[in-house]
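Residue-level structure breakdown
If you want the building blocks of each chain, they are given just below.
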Amino acid sequence: MEIDFVKSDNIIETLLSKIYFFGSKVYKFYKWKEAFYGDLSNPDFRRKFIEEDFLWNRIMSPDIYKELTVLKNENGKEDLCIIMEKLKGNKNFINCVEENNLSSEILKNFSKNLFENQRKITDLKNNELSGFLSEDLKKIEIREIEDLKNWCYMAEENLPRETTDEFAKKLFQVLETPDYLNWRKAARKSACIDGNGDNFIFQDGEIIFIDILPPKMDWRVKDEIFNLSRAVADIRALGENKSLADEIYKNYEEMAGVRVPEKIKMLYETRGALIQAAYRYILNQPKRAERYLNFAEATLKIL
C-alpha cells in the first residue's frame, strides 16, 4: 500500500508529527528529529517509542487505533505509520466540563475505562515498568512535584517562581503527614496515561482517549487514582456541577475496594490543577489558567 499524500483531505502538523486525513482513515507519521524525551531520528529509539505509543493508545481506544505498519512516508522512505479511524467528535473533556455536558453515566463509564485499561497496561508492561512499580510511592511523588515545579517555571511570566516554590513547599509538606504516610502503603501504583483532558474526546456519548502515552519513562507510573483526580480538578476548577467530582471518587472506591482520604484527593487535585494552570498560561488561555490557579490556591489553604 502506498499513500498519495497530494490527495489527502487535510494535514495536521505538530512539532513532532504529521497526520494525514483520507476520508475516515488517518495516517500518523512521527518526524525524524530529536525530542526532549529522546531522539526520534535514532532508529532503535524511534521504533521502541512508536510501538509503545501505539500499544498504549490501542489498549485505551481500540476502535480508533487500528494498526501499526510500515509505509512509505512523504519522502519515499519506509517508516512506521499509525493508522487510525477519524474521530467524529470535536469537543474534548475540558469543553464538556465548561459546557456542563457531562452526566453521571458518562463519568461512570469514563472512570471504569480509565481504571480497567490502566490496570491492563500495567499487567502487560509489568516487566518494563517494574523498576518504577517497585519504587516507594513517596519517592515517585517527590519526583512528580519537582517536575511540576519545572513545568510551572515555563509559565513564570504569569506564575512567578516564588509562587511556584511556595506551592511545591506545601505539597512536599503533605508527604510528611500521617494521612499520606498511611496511604502510600495502601495505594496501588499503576501505569498511568497522560491525563490531559484536551486528549479525552467526547464522541457518541462517551469519552475517547487519544495520544495518551507519557513520553518519558518515569512519567508512566503513578498512584492509579491520579488521573481520576486530574479529572476531578477539571470539574472543580471549570465546571458548575461540582457534585460530579465526588461521583468519580465514588466510582473508584467501589471498583478498587478502598477509601481514598480527603488529604490525598486534595494533594492530587492541587497538583493536577497546577499542571493545567501553567499549561493554559503557556497556551495563552489566561481565563482558564486563573480558574485552575484559584482552585489550587483555595485547596492548598486547607491541605
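As shown above, the structure is provided for reference.
Rules of the game
- Residues numbered from 1 in each chain as written.
- Predicted model: local features only at pLDDT ≥ 70, side-chain atom pairs only at ≥ 80, totals over all residues.
- Heavy atoms only, no water.
- Helix = DSSP H or I, 4+ residues; strand = E, 2+ residues; numbered from the N terminus.
- Buried < 20%, exposed > 50% of the residue type's maximum accessible area, 1.4 Å probe, protein only.
- Lys, Arg positive; Asp, Glu negative; His and termini not counted.
- Salt bridge = Lys/Arg side-chain N within 4 Å of Asp/Glu carboxyl O.
- Polar contact = N/O pair within 3.5 Å; in protein donor to acceptor, adjacent residues only side chain to side chain.
- Contact = heavy atoms within 4.5 Å.
- Pairing = 2+ DSSP bridges.
- Core = buried A, V, L, I, M, F, W, Y, C linked by side-chain atoms within 4.5 Å.

1. Here's the deal with the side chain of Arg 220
Among the secondary structure elements, Arg 220 is positioned in the loop between strand E11 (206-209) and strand E12 (221-223). One buried charged side chain, Arg 220, makes no salt bridge at all; its nearest oppositely charged neighbour is Glu 52, positioned 4.2 Å away. In terms of polar contacts, Arg 220 uses its side chain to reach the backbone carbonyl oxygen of Pro 214, at 2.8 Å. Apart from the residues within four sequence positions on either side, Arg 220 is in contact with Phe 49, Glu 52, Trp 56, Leu 129, Ser 190, Ala 191, Cys 192, Leu 213, Pro 214 and Pro 215.

2. Examining the sheet that holds E11
Pairing is antiparallel in the open sheet, where 3 strands are placed in the order E8-E10-E11. Lying at the two open borders of the sheet, with one neighbouring strand each, are strand E8 (91-92) and E11. The pairing of strand E10 (residues 200-203) with E11 spans 4 bridges and is antiparallel. Bridge pairing in E11 links Gln 203 to Glu 206.

3. What about the nonpolar core?
In this structure, Phe 93, Leu 102, Phe 110, Ile 193 and Tyr 268 are the most contacted members of the largest nonpolar core, which totals 88 residues. Considering each element in turn, this core owes the most residues, 9 residues, to helix H10 (residues 262-282). When residues no more than four places from it in sequence are discounted, the contact partners of Phe 110 are Phe 200, Ile 207, Phe 209, Leu 228 and Ala 231. Formed by 8 residues, the second largest nonpolar core is a distinct cluster that contains Ile 3, Phe 5, Leu 71 and Ile 83.

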